[in-house]
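Here is how the chains run, residue by residue.
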Amino acid sequence: MYISTRDNYEKVSAAQAIKLGMVPAGGLFVPEQIPTLSLEKIFALKGCSYQAVAEKIISLFLEDFSSEEIKGCVARAYNGENFTHPEIAPLSKLDDRTFILELWHGPTAAFKDMALQIMPHFLSLAVRKVEAHKEIVILVATSGDTGKAALEGFKNVPGIKIIVFYPHQGVSRVQELQMSTTDGSNTYVVAVRGNFDDCQSAVKNIFADEEFKAVLAGHDYELSSANSINWGRLLPQIVYYFYAYLNLLTQGEIKAGEKINFVVPTGNFGNILAGWYAQKMGLPVYKFVCASNENKVLTDFFNTGIYDRNREFKQTNSPSMDILISSNLERFLFELTGHDGKKIKTWMDELNKTGRFQVDADTKKAMDEIMAAGFATERETLDTIKEVFAAAGYTLDTHTAVAVKVYEDYRKESGDMHKTVIDATASPFKFNTSVLEAIKGEQTTDCKDEFEVLQELSKVSGMPLHPALKDLDKKPVLHKRVCDKGEIKEVIGEILGI
Ligand SMILES: *Cc1c(COP(=O)(O)O)cnc(C)c1O
C-alpha cells in the first residue's frame, strides 16, 4: 500500500497512487514498506536481461498488478523499436574506476524516456482497475523536451489521449519538429501564442476548473498529468541501478557484495531518489553523489541542512537541471525521518511560505551518511566535455559533464576509491551546440543551423546521429494547431469532440 508523505490521506493501492498522481490534499505517495532483496536474490539476477530485471523489481512494488500485466508493460516499453541499444541502459567504461550508465538510448534521446516509456502503460492499467469506463486525457505544458518524451510514451496507449501545449515560436526548431511530427492516433500538439508560463498557467487553471471537469466527466473523460512526482515515474528508475550493478558483476569489474558509488546529475531529485530506494532494497551502495549546476540549492542543502530557494534563478547550459524546488526531496526526507508526516508537512509549509526550511540534526546526520553533493559552473562543464573527449574519446552531454566534474572534485577531496557509476542523462546530440563548441571551439557553430551542427557533431564524435534527431526536417508535419492563450479550453473541447 501507498501512504502520503504528509500524513493527510488514507492508504491506497499502487493502482490508485498511480492514477491519482499526487495526494489530493498535497503530499506525495510512497510505499508504506520498502520491499527488500537479499544479496543471494540480487546475485541470482546476474546475466538477466534488462526486461527480466525490470519485471522482478517492478512486481515487488505493484502488488495489485498481475505478473502478466507487468510483463506486458515491460515488453511494450523496453524493446528494440523504442530503444537503440539491446541492453537498454548499457555501461561504458571511462577509466579503471569510473563507468557511465547511458540512460539516453530511448526514443527522445534523454533519460526521461526510461520512465515515460512504461508509466503510461501502468496508468492505462491503473485506470481500468479503478474506474474502468473512464478515458484519461493527459495535459502537458512543455518548454520543449518533456512534451516530446510524454508524446512518445503515451502514443497509442489504449484509454488515454494526450494533448501537449508549447509556446509558439518559443522552442528550438528541432524541439518543435520533434513534437509536430509525432504520429499515433491519440496525440495532439498545440502551439500557444504566449510563453511557457502562459502555457503552464493555462493548463493549471484547467486542472482547477471544476465546471469544465464536470463537463468532461459527463463525457467520461478525466484529466491527468504525466508529472514527474507520480510514483509510476519513479519506480521504473529503480531498475537501472540494479541493472548497472549486475552489469559490473557480469563484467568482473566488482566482486559480489562490493559497494559502489552512483553520481547523478540532479534537478527534481527523482533519479537519485530511485537509486536510494534501490539501496534500501538491498543494493550495495557506498555513496550517492548529488551533482548540480549553478542552481545549487541541493549542494547547499546537503552541506548545511538548510534548503533555501530564495536566490537568483540561472539559465545554464544544462537546462534540464535548472530547478530551484526539487519536488522529490519531500519523499527522501519522509523516509529519513522514519515516516514523520507532521514534520514533513511543517517543512513543506515553511518552504511554501518563506522559501526556506532547515532539517533537524538527526535528519542531517542521516543525509550525511549516504549523500555527498557538489556543483559545477557552466565553464567547468564545457571544460570537462573537452577534457574527457581528449583523454578517453568519449563524448559527454552537458548534464552528464556536470556529474563527471562533481565526481572528480569528490574523489580528490574524499579519497574514496569505490568503483563509481555516473548516470548519463542525455545524448550529446540533444545539447549539440554546447557540446560541439566545447570540443571544437565556439566559432565552429557560427552560421550553422542546428541540423548542420548535428551532422558536424556526428563526424567529430564518431557517433551515429541519434534516430530521434535524424531526418526530422524530412518527416511530415502532422500537428499544425496554433491558438491564443485564452483559447486553450475551447481547443481541448474541439479535440475531444464535446
Ligand atoms: C530531467 C533531467 C535531469 C534531472 O533529473 P531529476 O530526476 O529531475 O533529478 C537531468 N538531466 C537531464 C538530461 C534531464 O532531462
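Residues numbered from 1 in each chain as written. Predicted model: local features only at pLDDT ≥ 70, side-chain atom pairs only at ≥ 80, totals over all residues. Heavy atoms only, no water.

**Some remarks on the overall build of the chain**
Then, number 1: When you go through the chain residue by residue, the secondary structure sums to 21 helices and 15 strands.
Then, number 2: In summary, the chain has a C-alpha radius of gyration of 22 Å against a globular reference of 23 Å for 498 residues, a match within 12%.
Then, number 3: Projected onto the principal axes, the alpha-carbon positions of the chain cover approximately 65 × 55 × 50 Å.
Then, number 4: Buried positions account for 57% of the 498 residues belonging to the chain.
Then, number 5: Taking the intrachain contacts of the chain between residues at least 6 apart in sequence as the baseline, contacts between residues at least 24 apart amount to 75%.
Then, number 6: Total accessible area on the chain stands at roughly 20,000 Å², and carbon and sulfur atoms take up 47% of it.
Then, number 7: Taken together, the 55 basic and 67 acidic charged side chains of the chain have centroids lying 2 Å from each other. (Helix = DSSP H or I, 4+ residues; strand = E, 2+ residues; numbered from the N terminus. Rg over C-alpha atoms; globule rule 2.2 N^0.38 Å. Buried < 20%, exposed > 50% of the residue type's maximum accessible area, 1.4 Å probe, protein only. Contact = heavy atoms within 4.5 Å. Areas by Shrake-Rupley, 256 points an atom, 1.4 Å probe, with all protein chains shown as cover. Lys, Arg positive; Asp, Glu negative; His and termini not counted. Charge placed at Lys NZ, Arg CZ, Asp CG, Glu CD.)

**Details of unusual backbone geometry**
Then, number 1: Positive phi values are uncommon outside glycine, yet Ala109 reaches one of about 70 degrees.
Then, number 2: On the secondary structure map, Ala109 appears in the loop between strand 4 (98-102) and helix 5 (112-116).
Then, number 3: You can call Ala109 buried: its relative accessible area is 0%.
Then, number 4: In this model, Asn156 sits at a positive phi of 65 degrees, which is unusual for a non-glycine residue.

**A few points about the pairing of strand 5 (residues 135-141)**
Then, number 1: Most of strand 5 sits inside the fold, with six of its seven residues counted as buried.
Then, number 2: Relative to strand 8 (residues 221-224), strand 5 runs parallel, the two being bridged by four bridges. Bridging from a neighbouring strand, Val137 pairs with Leu223 of strand 8.
Then, number 3: For strand 5 and strand 6 (residues 160-167), the ladder comprises six bridges, and the chain directions are parallel. If you follow Ile138 over to strand 6, its bridge partner there is Ile162.
Then, number 4: One crossover worth recording links strand 5 to the parallel strand 6 by way of helix 7 (residues 145-154), and it is right-handed. (Pairing = 2+ DSSP bridges. Right-handed = clockwise from strand over helix to strand, strands pointing away.)

**Points about the sheet that holds strand 10 (residues 285-292)**
The strands making up a sheet associate through hydrogen bonds between their backbones, and the pairing can be parallel or antiparallel.
Then, number 1: On the basis of which strands lie adjacent, the open sheet formed by six strands has the order 3-4-14-9-10-13 and mixed pairing. Looking along the sheet, the strands with just one partner apiece sit at the ends: strand 3 (91-93) and strand 13 (371-375). Averaged over all adjacent pairs, the angle separating strand axes in this sheet is 25 degrees, with direction ignored.
Then, number 2: Sheet analysis places strand 4 next to strand 14 (residues 420-424), joined by five bridges and oriented parallel. The residue bridging Ile100 from the neighbouring strand is Ile422, located in strand 14.
Then, number 3: Lying on the sheet, helix 12 (residues 270-281) is in contact with strand 9 (260-265), strand 10, strand 13 and strand 14; it crosses strand 10 at an angle near 175 degrees.
Then, number 4: Strands in contact with helix 18 (residues 398-414) are strand 4, strand 9, strand 10, strand 13 and strand 14; relative to strand 10, the strand with the most contacts, it is inclined by about 125 degrees. (Axes fitted to C-alpha atoms, helices over the stretch in contact; angles between N-to-C directions.)

**Structural notes on the site of the ligand**
Then, number 1: The environment of the ligand is made up of 14 residues, and the closest members are Lys112, Gly267, Asn268, Asn271 and Thr425.
Then, number 2: In the model, an oxygen atom of the ligand is placed 3.0 Å from a nitrogen or oxygen of the Phe269 main chain.
Then, number 3: In this structure, a nitrogen atom belonging to the ligand sits 2.8 Å away from a side-chain N or O atom of Thr425.
Then, number 4: Considering the ligand on its own, with 380 Å² of exposed area, one finds that the protein chains cover 94% of that surface. (Near = heavy atom within 4 Å. Polar contact = N/O pair within 3.5 Å; in protein donor to acceptor, adjacent residues only side chain to side chain.)

**Topic: helix 19 (residues 432-440)**
Then, number 1: Within the span of helix 19, buried status applies to Asn432, Val435, Leu436, Ala438 and Ile439. Along helix 19, the residues classed as buried sweep out an arc of 160 degrees about the axis, all on the same side.
Then, number 2: If you follow the buried residues of helix 19, they end up packed against helix 17 (378-392), helix 18 and helix 20 (450-461).
Then, number 3: Of the residues flanking the end of helix 19, it is Gly441, one or two places downstream, whose phi is positive at about 100 degrees. (Arc of directions from axis to C-beta.)

**A word on the pattern of salt bridges**
Then, number 1: The final tally for this structure, using the stated rule, is 30 salt bridges.
Then, number 2: Through salt bridges with shared partners, one network takes in Lys19, Glu131, Lys134 and Glu222. (Salt bridge = Lys/Arg side-chain N within 4 Å of Asp/Glu carboxyl O.)

**Details of the sheet that holds strand 5**
Then, number 1: Taking strand neighbours across the sheet as the criterion, the five strands line up as 8-5-6-7-15 in an open arrangement whose pairing is parallel. Across the chains shown, the open sheet's two edge strands, defined by having one partner strand only, are strand 8 and strand 15 (481-484). Taken pair by pair, the neighbouring strands of this sheet meet at an average axis angle of 30 degrees, ignoring direction.
Then, number 2: As judged from the four bridges shared by strand 7 (residues 187-193) and strand 15, these two strands associate in the parallel manner. Along strand 15, the bridge assignment pairs Ala191 with Val482.

**With respect to the packing of helix 13 (residues 297-304) against helix 16 (residues 361-370)**
Helix packing for two helices is described by the angle between their axes and how far apart those axes are.
Then, number 1: The contact between helix 13 and helix 16 brings their axes to 8 Å, and the two run at 115 degrees. Between helix 13 and helix 16, the interaxial angle falls into the category roughly perpendicular. Taking contact as the criterion, the partners of Phe301, Phe302, Asn303 and Thr304 in helix 13 are, on helix 16, Lys364, Met367 and Asp368.
Then, number 2: For the contact of helix 13 with helix 16, a count of residues per class yields three nonpolar, two polar and two charged. (Parallel < 35°, antiparallel > 145°, perpendicular 65-115°, else oblique. Nonpolar A, V, L, I, M, F, W, Y, C, P; charged D, E, K, R; others polar.)

**Brief notes about the UniProt feature "domain: Threonine synthase N-terminal" (unreviewed entry) in the chain**
Then, number 1: The UniProt record annotates "domain: Threonine synthase N-terminal" (unreviewed entry) at residues 2-78.
Then, number 2: Helix makes up 45% of residues 2-78 and strand 8%. Its end C-alpha atoms lie 26 Å apart. (UniProt positions renumbered as here; feature names shortened; annotations may be inferred.)

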